[in-house]
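The lines below spell out each chain.
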2 protein chains.
Amino acid sequence: MKFQNLDTCTAFAQLSSLSPCSVKEALSTERIGSYTIHTGGDLTYNYASMPVDNEIIQSLQQLSIEQQLIEKYTELLNGEIMNPGEKRLVLHQLTRGQVLHDVIAEGENKGAFYQSQLARIQEFSKQIREGSILGSTGKRFKTVVQIGIGGSDLGPRALYLALKGWCTSKDIVQLDAKFISNVDPDDAEEVIRGLDFETTLFILVSKSGTTLETLTNRDLVIEAIKKSGIEGIDASKHMIAVTSKTSPLASSSSVLEAFFIDDYIGGRYSSTSAVGGVILSLAYGYDIFDQVLQGAHEVDGLALEKDITKNASLMDALIGVYLRNVLNLPTTAILPYSQALSRFPAHLQQLDMESNGKHVNRDGELLEYATGPIIFGEPGTNGQHSFYQLLHQGTDTVPLQFIGFSNSQYGKDILVEGSTSQTKLNANLVAQIVAFARGKDDPNTNKQFEGNRYSSLLIGKQLDARALGALLAHFENKVMFQGFLWNLNSFDQEGVQLGKVLASKVLDGCQGDEILKAYVDLF
Amino acid sequence: MKFQNLDTCTAFAQLSSLSPCSVKEALSTERIGSYTIHTGGDLTYNYASMPVDNEIIQSLQQLSIEQQLIEKYTELLNGEIMNPGEKRLVLHQLTRGQVLHDVIAEGENKGAFYQSQLARIQEFSKQIREGSILGSTGKRFKTVVQIGIGGSDLGPRALYLALKGWCTSKDIVQLDAKFISNVDPDDAEEVIRGLDFETTLFILVSKSGTTLETLTNRDLVIEAIKKSGIEGIDASKHMIAVTSKTSPLASSSSVLEAFFIDDYIGGRYSSTSAVGGVILSLAYGYDIFDQVLQGAHEVDGLALEKDITKNASLMDALIGVYLRNVLNLPTTAILPYSQALSRFPAHLQQLDMESNGKHVNRDGELLEYATGPIIFGEPGTNGQHSFYQLLHQGTDTVPLQFIGFSNSQYGKDILVEGSTSQTKLNANLVAQIVAFARGKDDPNTNKQFEGNRYSSLLIGKQLDARALGALLAHFENKVMFQGFLWNLNSFDQEGVQLGKVLASKVLDGCQGDEILKAYVDLF
């Protein structure tokens, strides 16, 4: 396997010499029909409004070959050490099913290990949902509260919210789910004060079992349970853990049950492991979580395709690098036309920015090109009444990633002035893509739209569990391919360490650091 | 009054010649002590970690003088037409109190008009909260639901969430508040299905009274009330409107009551008008809303100070232009260390990007410099476990705007390992500022932090109603001053129009536009 920086690639030099396609001029019905790739979960990726033409696509294909993207993905799937800084395998795809060979590490078949945890989650969630495991005062559990932060919060929360309407529309029995993440005590209190502890199960999620925020919030919860004065309640019978086998949480007698992940599942890639699986299975039932896994697994398999015009996440990744490194565009907006995806952009923000926000390559050499972009976004149509002004008429070009679905989740819709809300929603989505691409001339420059503002579109039939899994895996694989393109280690996060060290110094009285002390004194 | 482009200013040429201060080297306890400005609501703005020194500050002061920032603000307060494209006055500051002269327009004293609406809101909310106005089936109102989008949603929602914990800690009687914004029918259904219509009051918020999303969602609600089969329920007695006097909603017999705003309050600046005032007064009582107004009014008065070292929003604005136009940094992150401010970044995203995301000046001339930045953000410490990786070690510099408070809202906190959660929260905040500024050398480049990543800090004693009003006005005034610096009209939003026109064409069957049709066919 050859690891090389992007700017040493022949294909990148070639790509850099090519002018972007003017979407304003080139956009045509033919292009919309042909610049489209079907992927898993009944999703389709359309890139007709991206500034690429067949010549650029050929260069991108060459770049994919030269950077050995599919070979690297294959090695990753087969258990090579793709997180070199931490000397770890990268196995989140394996949590949803085996794509290629068995992966053996530390004398264990890792696929079998993840499967065994899934089987335990299936059984445990069934018992909780059926009431064969009860709370310590004999009542059935009605509410689950996930205590976790970062990857133990954003992904699971986004997925939970994404499926609520769809599960409701299918009359699926639901346990209510809530989340505590921030060390801000108001975050915990806001959740705690509405709880009936007798019917609540807390899920402590921390791979290391040492995350400051999570342990602190656990202690806040235990204190609140103690103070509740409920006779006979035993906090330890209302807590389960998702952690690694060697963590302090795993061996603790203070939890009812523990489910395991390992070091080969990065936090931001852990939604399809026990980290997301336990809460989704408790809230909606294991079958629903299994459908998420199926959608993701399907996309993982399709991502092995070498022809970039048939590989949605690979094409998305390559176009992203063209935007970032040839057109020098530093940001990307995620715009789901689905209120159920309200927190999905926040998850993708972590996934992308924590994976590829790096200034050195996988060998620790300083890079002289831009890496991961800044990711932000809010659902449409809401954003249209907010920050889209800048997207349309600001001085910077922001590439856009639209997401939409033919059908709503609840299906509760009416005709108003001849169209349903869902039709209005998608009419707006389509209109925005075209408005951004083509712009509008106007003698009044204040009403003029330059156009040539680039976007792609991921569409599905409906946001169901399988489509959601596919959507998640699409972006995970996109980010992985981009990491390979930039020659990064996308699977570590050394950038979070310094703050932790300095925070400890503050809590220890700053240890002679006057500047820390001066800032503390402002409070 | 002289309106000129930023790049024609002598002071800007001077400023552009100055190298940024190396925060990494210059940061000192003296600087932290002196680069600080007290403002309203007991807030303090500290800019010690911004790349400015006394020479740059002098240039910024000159720029403030040359662009007549305080004079323009004075004119705005006194009722000059500061939204020239729409030939409108800009009077959102007047909704919280009169700072300077009477403003007379259309034969009416506008301050008196806004006051009269406040008095009506005070009386109406008292009657609802006391139960002297009941629902159509004789029950007391317990829940209020705001139906609005953009400025009628993001600001009011952010403020409502921001005060929930504080009001709860003070045992203030609360009506539960919910929001419906998106035309996605799942957004309405998710709220509607949990409602007891007999005890719910809907607030329809649309200045024009013609907003597609809002009218559609109103109709969805009315349909759901009809279908509920509740005997004797009359939907019109469960709806009030916030709109302009001439709008279709105002004269409608289908609402219980209507409160008025006018064209001089832009949507994104309307949180302190009836748009935010009705829901906050219903949920928490008018007194709480009045304290928000007081905090904002206090800051509005202080923003008249000509010495930039004593004017927090002015300094913030000027430093922002230095970052954007001299250092060419295109984004800014808003990082509140307060879970209560979870949706405040989304509001500021609209406020800033819709106001200053413009490519022409107030006279419609194309600009050759960058204007409003891209704004995004999430609460800390959550973000530390997410996108901060890129902020610390990515290839782009993102200026940061931290917000923090000495005390939590609920005050429900415990010692864990010797410190409270609130102390941990603020220890992290301080540690991040210093980590970003000073970085860290490490022989392992993957663990190296370049430093010189800029931030400012807004801190207060506690996020109470007055502090919240002050915080809101600080950013509104910052954005206003930046608009003056860039010579923009910050108060129109022509960029949202084209999408609306094209969406209508889609709903009308695309009217021969094949490209629209081709995209529609993807669904």
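As the structure is a prediction and not an experimental result, all values here were calculated from the model. Each residue is numbered by its place in its chain's sequence as written, counting from 1. Written order determines the labels here, with chains lettered from A and ligands numbered from 1. At least 70 in pLDDT is required for a residue's local features to be given in this predicted model, at least 80 for side-chain atom pairs to be given and counted, and no such filter applies to totals for whole chains, interfaces and linings, which use all residues.

A. Structural detail: the overall build of chain A. A count of helical and extended segments in chain A gives 18 helices and 13 strands. Atoms counted for the radius of gyration: C-alpha only. Globule rule: 2.2 Å times residue count to the power 0.38. Its C-alpha atoms give chain A a radius of gyration of 24 Å, within 12% of the compact-globule value 24 Å for 523 residues. With respect to the principal axes defined by its C-alpha atoms, chain A has extents near 75 × 60 × 55 Å. Taken over 523 residues, chain A has a buried fraction of 62%. We call two residues in contact whenever the C-beta atoms placed from their backbones are within 7 Å. Counted over contacts in chain A with a minimum sequence separation of 6, partners at least 24 positions apart contribute 75%. Secondary structure counts use DSSP, requiring at least four H or I residues in a row for a helix and at least two E residues in a row for a strand, with both numbered from the N terminus. Note on burial: count the other C-beta atoms lying within 10 Å of the residue's C-beta; 20 or more is buried, 12 or fewer is exposed, in between is partly exposed, and C-beta positions come from the backbone.

B. Layout of the domain arrangement of chain A. Start and end points for every domain follow an automatic or database-based domain assignment. Looking at the assigned domains, one finds that chain A contains domain 1 (6-92 + 307-496), domain 2 (101-292) and domain 3 (498-523). A C-alpha centroid distance of 33 Å is found between domain 2 of chain A and domain 3 of chain A.

C. The nonpolar core, seen in detail. By our criterion, buried Ala, Val, Leu, Ile, Met, Phe, Trp, Tyr and Cys residues that link up through C-beta atoms within 7 Å make up a nonpolar core. With 338 residues, the main nonpolar core has Ile 203 of chain A together with Ile 203 of chain B as its most contacted residues. Residue contacts for Ile 203 of chain A: discarding those within four places in its chain leaves Val 144, Val 145, Gln 146, Ile 147, Ile 240, Val 242, Val 278 and Ile 279 of chain A.

D. Fine view of the pairing of strand E7 (residues 200-205) of chain A. All names here are of chain A. Of all six residues that make up E7, six are buried, and the element is covered over most of its length. With burial as the criterion, each face of E7 is covered, one bearing Thr 200, Phe 202 and Leu 204 and the other bearing Leu 201, Ile 203 and Val 205. Of the pairings in the sheet, the one linking strand E5 (residues 143-147) to E7 comprises five bridges and is parallel in character. Bridge pairing in E7 links Val 144 to Leu 201. Taken together, the four bridges between E7 and strand E8 (residues 239-244) define a ladder with parallel strand orientation. Paired with Ile 203 across the two strands is Ile 240, which belongs to E8. Any two strands with at least two DSSP bridges between them are considered paired.

E. Main features of the interface of chain B and chain A. Across the contact, 115 residues belong to chain B and 114 residues belong to chain A. Residues are grouped as follows: Ala, Val, Leu, Ile, Met, Phe, Trp, Tyr, Cys and Pro are nonpolar; Asp, Glu, Lys and Arg are charged; all remaining types, including Gly, are polar. Residues that form the side of chain B that touches chain A fall into these classes: 49 nonpolar, 47 polar and 19 charged.

F. Main features of the environment of Ser 236 of chain A. All names here are of chain A. In this fold, Ser 236 is placed in the loop between helix H9 (212-227) and E8. Accessibility expressed as a C-beta count within 10 Å gives 13 for Ser 236, which makes it partly exposed. Considering only alpha carbons, one finds Ser 236 and Leu 201, 35 residues apart in sequence, at a separation of 9.8 Å. Contact partners of Ser 236, with chain neighbours within four places excluded, come to Ser 253, Ser 254, Val 255 and Leu 256.

G. The confidence of the model for chain A, seen in detail. Residue-level pLDDT values for chain A average 97, and 100% of them are 70 or greater. With pTM at 0.98, the complex prediction returns an ipTM value of 0.98. You can read pLDDT as the predictor saying how much it trusts each residue, on a scale of 0 to 100.

H. Looking closely at the sheet that holds strand E9 (residues 257-261) of chain A. Residues and elements named next belong to chain A. Pairing is parallel across the open sheet formed by five strands, whose spatial order is E6-E5-E7-E8-E9. Whereas interior strands pair on both sides, the edge strands pair on one side only; in this sheet they are strand E6 (176-180) and E9. Direction aside, the axes of adjacent strands within the sheet are offset by 20° on average. In the sheet, E5 pairs with E6 via five bridges, with the strands oriented parallel. Axis definition: a line fitted to C-alpha atoms, limited for helices to the stretch in contact. Angles are taken between N-to-C directions and run from 0 to 180 degrees.

I. The arrangement of the packing of helix H7 (residues 154-169) of chain B against helix H13 (residues 344-356) of chain B in detail. All names here are of chain B. Direction vectors running N to C along H7 and H13 enclose 155°, while the axes themselves pass 8 Å from each other. Compared by their axis directions, H7 and H13 come out roughly antiparallel. Where H7 crosses over H13, the two elements pack in a sense that is left-handed. On the side of H7, the interface is formed by Leu 154, Gly 155, Ala 158 and Ala 162, while H13 contributes Phe 344, Ala 346, His 347 and Gln 350. Residues of the contact of H7 with H13, tallied by class, amount to five nonpolar, three polar and no charged. In what follows, roughly perpendicular refers to angles from 65 to 115 degrees, roughly parallel to angles under 35, roughly antiparallel to angles over 145, and oblique to any angle outside these ranges. Should the near helix be turned anticlockwise from the far one by less than a right angle, the crossing is termed left-handed; should it be turned clockwise, right-handed.

J. Representation of the relation of the copies chain B and chain A. Superposing chain B onto chain A takes a rotation of 180° combined with a translation of 0.0 Å along the rotation axis, leaving an RMSD of 0.0 Å. Both copies are brought into coincidence by an operation consistent with a two-fold rotation axis. Of the C-alpha atoms belonging to chain B, the one lying closest to the rotation axis is found on Phe 376 of chain B, 3.1 Å away. Of the residues that chain B buries at the interface, 99% are likewise interface residues in chain A, meaning the two copies contact each other through the same surface. Here the copies are superposed with least squares, the fitted atoms being C-alpha atoms of residues at a pLDDT of at least 70 in both.

K. Structural context of the environment of His 297 of chain A. Residues and elements named next belong to chain A. Its place among the elements puts His 297 in helix H11 (residues 286-302). Distance in space between the C-alpha atoms of His 297 and Gln 98 is 8.2 Å, their sequence separation being 199 residues. Each residue touching His 297, except ones within four places of it in the same chain, is listed here: Arg 96 and Gly 97.

L. Representation of H7 of chain B in the model. Residue and element names in this part refer to chain B. Every helix has an expected span of 1.5 Å times one less than the residues it contains. Here H7 contains 16 residues, and its C-alpha end-to-end distance of 24 Å stays within 8% of the 22 Å for a straight helix at 1.5 Å per residue. At Leu 163, H7 is bent by approximately 35°, the largest bend along its length. In terms of burial, H7 is largely enclosed, as 13 of its 16 residues are buried. Positive phi appears at Asp 171, one or two residues downstream of H7, with a value of about 55°. The seven residues ending at a residue and the seven starting there each receive a fitted axis; the angle between those axes is the bend at that residue.

M. Focus on unusual backbone geometry. A cis amide bond, omega 10°, links Gly 380 of chain A with the succeeding residue Thr 381 of chain A. One can find Thr 381 of chain A in the loop between strand E11 (374-376) and helix H14 (388-393). Although it is not a glycine, Glu 106 of chain A adopts a positive phi angle of roughly 50°. Note on placement: Glu 106 of chain A falls in the loop between strand E3 (104-105) and strand E4 (108-109). For Glu 106 of chain A, a count of 10 C-beta atoms within 10 Å gives the class exposed. One non-glycine residue with positive phi stands out, namely Cys 510 of chain B, at about 75°. Looking at where Cys 510 of chain B falls in the secondary structure, it is placed in the loop between helix H17 (497-507) and helix H18 (514-522).

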